[in-house]
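Each chain, letter by letter, is given below.
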Amino acid sequence: MVAGKPVVEGLFAETSAGPRLLGSRCASCGAAYFPKGTVCHNPDCDESKMEDAEFGPKGKLWSLAIQTYPPPPPAKYDEPYKPYATGVIDLDDGLRVLGRLSGDDLTVHPGVDVELVLEPLCHEEDGTPVITWKFKPL
């Protein structure tokens, strides 16, 4: 795993198969949740049986937006601020999730294949990298 401090503990992990998002899936209906959920919110589900699940790494960019101005607190970013892309990703294992796109290419478009990566988001005042999940266009 990339050295640093997770932006939030328990959202992602580096596994033997590579990075994964940590969530849950209802064993009754198959509904996927990220972050982990304690109950199934599918109105058609007859029984809420939540189990831990790992999601990723491959998916497809469904939609995106370019963040051209600094977000308000409590968002973290390094100075000087650099625009970035945020996308909605349809992971191959059934989860639709929001995530920042890796890299500086702001010409990426919906439909491109992506892969989950763990990368620095910013640095704390002591220089420690803050690590988050991102999606790298392939």
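Definitions and cut-offs
Along each chain, the written sequence defines residue order, and numbers are assigned to residues from 1. It should be noted that, the model being predicted, local features are given only for residues of pLDDT at least 70 and side-chain atom pairs only at 80 or more, the latter also being counted only at that level, while totals for whole chains, interfaces and linings use all residues. Note: side-chain values were computed over all heavy atoms of the structure, leaving out hydrogens and water. Each helix corresponds to a stretch of at least 4 residues labelled H or I by DSSP, and each strand to a stretch of at least 2 residues labelled E; elements are numbered beginning at the N terminus. Each reported salt bridge corresponds to a side-chain nitrogen of Lys or Arg within 4 Å of a carboxyl oxygen of Asp or Glu. Each residue is assigned to one of three classes by its accessible area relative to the maximum for its type, calculated with a 1.4 Å probe on protein chains only: buried under 20%, partly exposed between the two thresholds, exposed over 50%. Strand pairing is defined by DSSP finding a minimum of two bridges between the two strands.

S.K.: So what's going on with unusual backbone geometry? Residues and values would help.
M.R.: Here the bond from Phe34 into Pro35 is cis, since omega is -5°, no more than 30 degrees from zero. Take Pro35: it is sitting in the loop between β4 (32-33) and β5 (50-55). Each neighbour pair has its own omega, and for Pro73 with Pro74 the value is 15°, a cis peptide bond.

S.K.: Residue-level account of the pattern of salt bridges, with values.
M.R.: This structure, assessed with the given rule, holds seven salt bridges. In this structure, Asp113 and Lys60 form a salt bridge, with 2.8 Å as the shortest nitrogen-oxygen distance. In this pair, Asp113 sits in strand β9 (residues 113-123) while Lys60 sits in strand β6 (residues 58-67), placing the two residues 53 residues apart along the sequence. Taking the shortest distance from any N to any O, the salt bridge between Lys134 and Glu119 comes out at 3.7 Å. Highlighted residues: Lys134 in strand β10 (residues 129-137) and Glu119 in strand β9, separated in sequence by 15 residues.

S.K.: Run through the pairing of strand β3 (residues 18-26), naming residues and quoting values.
M.R.: On a regular strand, each side chain points to the face opposite its neighbour's, so the side chains alternate between the two faces of the sheet. Of all the nine residues making up β3, eight are buried; the element is thus mostly covered by neighbouring parts of the structure. Examined bridge by bridge, strand β2 (residues 12-15) and β3 share four bridges and lie antiparallel to one another. Each residue of the ladder has a partner; that of Glu14, found in β3, is Pro19. The hairpin turn running from β2 into β3, its antiparallel successor, is two residues long. Relative to β5, β3 runs antiparallel, the two sharing six bridges. Its bridge partner being in β5, Leu22 is matched across the sheet by Glu54. One ladder, built from two bridges, connects β3 with β4; its direction is antiparallel. Across the sheet, Ser24 pairs through a bridge with Tyr33, a residue of β4. If you look at the hairpin formed by β3 and β4, you'll find five residues sitting between the two strands, and Gly30 has a positive phi there, around 90°.

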